[in-house]
Amino acid sequence: GENVEQHPSTLSVQEGDSAVIKCTYSDSASNYFPWYKQELGKGPQLIIDIRSNVGEKKDQRIAVTLNKTAKHFSLHITETQPEDSAVYFCAASPSYSSASKIIFGSGTRLSIRP
Amino acid sequence: NAGVTQTPKFQVLKTGQSMTLQCAQDMNHNSMYWYRQDPGMGLRLIYYSASEGTTDKGEVPNGYNVSRLNKREFSLRLESAAPSQTSVYFCASSEGPLTQPQHFGDGTRLSIL
């Protein structure tokens, strides 16, 4: 079955700097890769996603890149702000319509230093 | 706009006790899910309901049962709680069937002594 590894488990960056979180997956049949942000005491919330026919996707300060050959994808946050402090989860699934088969990474706790 | 509402937010049980976690969504979504979140392990799917009237096992179903009461509500039951079931439980929904993204509730923190 699918296995998703996420690194690093914790990340501390200076406010205004960039943060990068990396994930690798094992199942070449995976085609949909969402990223979720979880704030303290809250449930995960989707922040960006990418499908396998796209190599990169941007949404303001957030971007995701996908390398299907190497089976890895990354989340990039530029100009980090205090409100970016949270736990981030990557995930992989065979398609947009196969939510029951989604596998999540173990999470990255991002801290933004003032 | 409430989204996905879970009750209770916190609960402490003794080993062997039973309990039902409640979940309701007001987005008219077809699919609903139950996950558990343990430190260092991300989210793991317990059970899901692709549409009203159907339920299926996920990755870690042992020790749990579910009921899709109607389109809005999806409950998770622990018949005989064990310390290994200490976790944070999240309910989610999606427009469906089984489409993404999923919309999560704020979780139930459950401790089994």
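Thresholds applied
- Residues numbered from 1 in each chain as written.
- Chains lettered and ligands numbered in written order.
- Predicted model: local features only at pLDDT ≥ 70, side-chain atom pairs only at ≥ 80, totals over all residues.
- Heavy atoms only, no water.
- Phe/Tyr/Trp six-rings, centres within 6.5 Å; stacked < 30°, edge-to-face > 60°.
- Helix = DSSP H or I, 4+ residues; strand = E, 2+ residues; numbered from the N terminus.
- Buried < 20%, exposed > 50% of the residue type's maximum accessible area, 1.4 Å probe, protein only.
- Lys NZ or Arg CZ within 6 Å of the ring centre and 35° of its normal.
- Pairing = 2+ DSSP bridges.

Asks: Can you help me understand the packing of aromatic side chains in this one?
Replies: Given two aromatic rings, one states the distance between the centres and the angle between the planes to describe the pair. Summed over all chains, the structure comprises twelve aromatic pairs over all chains. With a centroid separation of 5.6 Å and an interplanar angle of 85°, the aromatic rings of Tyr36(A) and Phe104(B) are classed as edge-to-face. On the criterion of chain membership, the pair formed by Tyr36(A) in strand E4 (residues 32–38) and Phe104(B) in strand E10 (residues 103–104) is interchain, its members lying in two chains. Looking at Tyr36(A), the relative accessible area reads 0%, which means it is buried. Among the aromatic residues, those joined into a ring-pair cluster are Tyr36(A), Phe104(A), Tyr33(B), Tyr35(B), Phe90(B) and Phe104(B). A cation sits over an aromatic face here: Arg51(A) above Tyr96(A), 4.3 Å from the ring centre.

Asks: When you look at the pairing of strand E3 (residues 19–25) of chain B in this model, what are you seeing that I'm missing?
Replies: Taken residue by residue, a regular strand's side chains alternate between the two faces of the sheet. Residues and elements named next belong to chain B. For E3, the buried fraction is high: five of the seven residues fall into the buried class. Direction of pairing for strand E1 (residues 4–7) relative to E3: antiparallel, over a ladder of four bridges. The partner of Thr-5 across the bridge, within E3, is Ala-24.

Asks: Which parts of the structure should I look at to understand unusual backbone geometry?
Replies: Leave glycine aside and you will find that most residues have negative phi; peptide bonds, for their part, are mostly trans. Residues and elements named next belong to chain B. Residue Pro-8 is bonded to the preceding Thr-7 through a cis peptide linkage, with omega at -5°. Tracing the backbone through its elements, the reader meets Pro-8 in the loop between E1 and strand E2 (10–13). For the bond from Gln-100 to Pro-101, the omega torsion is 10°, close enough to zero to count as cis. Relative to the helices and strands, Pro-101 is located in the loop between strand E9 (87–94) and E10. Non-glycine residue Asn-28 carries a positive phi angle of around 60°. Of note, Asn-28 is situated in the loop between E3 and strand E4 (31–37). Backbone geometry places Leu-98, a non-glycine residue, at a positive phi of 60°.

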